[in-house]
Amino acid sequence: KSPLAEASLSTHLGGRGTRALGAMSAAATPQKLLGIGLHLETRANGEQMVLNVKPGFDAEAKGICAGTVIYKVDGVSVKGLALRDLRELIVGEPGSTVTVYCLLPGADAPTTLSCVRSSASK
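From a predicted model like this one, the values you see are computed outputs, not experimental measurements.

### Examining the overall build of the protein
Next, step 1: Helix and strand content of the protein: four helices and seven strands.
Next, step 2: Each helix (α) and strand (β) of the protein, taken in turn from the N terminus, gives the series α-β-α-β-β-α-β-β-α-β-β.
Next, step 3: The 122 residues of the protein split such that 38% are buried.
Next, step 4: Of all intrachain contacts in the protein linking residues separated by at least 6 positions in sequence, the fraction that spans at least 24 positions is 57%.
Next, step 5: Entry remark: accessible area of the protein is about 6300 Å², with carbon and sulfur atoms responsible for 54%.

Laid out in structure tokens, this is it:
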């Protein structure tokens, strides 16, 4: 795929109404799955970058912001992963925790952050 095509592959990884899997997700999973409020894109080099964070979600509270590069989710490398597969790693049961190993903008080294899956707190 071209860099332009890769750049256009983005999805919202927040709470209800997630666009990525739509009806397939609802049909396959009867319980409500929630995320941490990330909107991501896969870059041409395979990196997963945060485009923005929905206000009120735990990712925002933990300092994840636009420009953050996600390397691992719950110990699984996400470089080159399809966004639907990345979404499967991030979303889960309300109140459960997901661990994100990432590089925050301006940081010298990656850090591990634990975020609680939920609806927005606002």
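Structure shown, so let's carry the discussion forward.
### Details of the confidence of the model for the protein
Detail in the predicted coordinates should be disregarded across regions flagged by low pLDDT.
Next, step 1: Residue-level pLDDT values for the protein average 80, and 73% of them are 70 or greater.
Next, step 2: In the model, residues 1–29 has pLDDT below 50 throughout and makes 55 contacts with residues more than four positions away in sequence or in other chains.

### Some details on the packing of aromatic side chains
Two aromatic rings are characterised by how far apart their centres lie and by the angle between their planes.
Next, step 1: A full pass over the atoms with the stated rule returns one aromatic pair.
Next, step 2: Their ring planes at 50° and their centres at 6.1 Å tell us that Tyr-71 and Tyr-101 sit as a pair that is tilted. Pair noted here: Tyr-71 is in strand S4 (residues 69–73) and Tyr-101 is in strand S6 (residues 97–103), with a separation of 30 residues, a long-range link.
Next, step 3: On the basis of relative accessible area, Tyr-71 is assigned to the partly exposed category, the value being 29%.
Next, step 4: For Tyr-101, a relative accessible area of 30% corresponds to the partly exposed category.
Next, step 5: Against the face of Tyr-101 rests Lys-72, its NZ or CZ located 5.9 Å from the ring centre.

### Focus on the pattern of salt bridges
Next, step 1: Counted according to the given criterion, the structure contains three salt bridges.
Next, step 2: When the shortest N-O distance is used, the salt bridge between Arg-117 and Asp-74 registers 3.8 Å. Taken together, the residues Arg-117 in the segment after strand S7 (111–116) and Asp-74 in the loop between S4 and strand S5 (76–77) connect sequence positions 43 residues apart.
Next, step 3: Of the charged contacts, one joins Arg-87 and Glu-88 as a salt bridge, the two residues approaching to 3.8 Å between their closest N and O atoms.
Next, step 4: Residue Arg-87 is classed as buried on the basis of its relative accessible area, which comes to 3%.
Next, step 5: Classification of Glu-88 as partly exposed rests on a relative accessible area of 45%.

Cut-offs used in this document
- Residues numbered from 1 in each chain as written.
- Predicted model: local features only at pLDDT ≥ 70, side-chain atom pairs only at ≥ 80, totals over all residues.
- Heavy atoms only, no water.
- Helix = DSSP H or I, 4+ residues; strand = E, 2+ residues; numbered from the N terminus.
- Buried < 20%, exposed > 50% of the residue type's maximum accessible area, 1.4 Å probe, protein only.
- Contact = heavy atoms within 4.5 Å.
- Areas by Shrake-Rupley, 256 points an atom, 1.4 Å probe, with all protein chains shown as cover.
- pLDDT = per-residue confidence, 0-100.
- Phe/Tyr/Trp six-rings, centres within 6.5 Å; stacked < 30°, edge-to-face > 60°.
- Lys NZ or Arg CZ within 6 Å of the ring centre and 35° of its normal.
- Salt bridge = Lys/Arg side-chain N within 4 Å of Asp/Glu carboxyl O.

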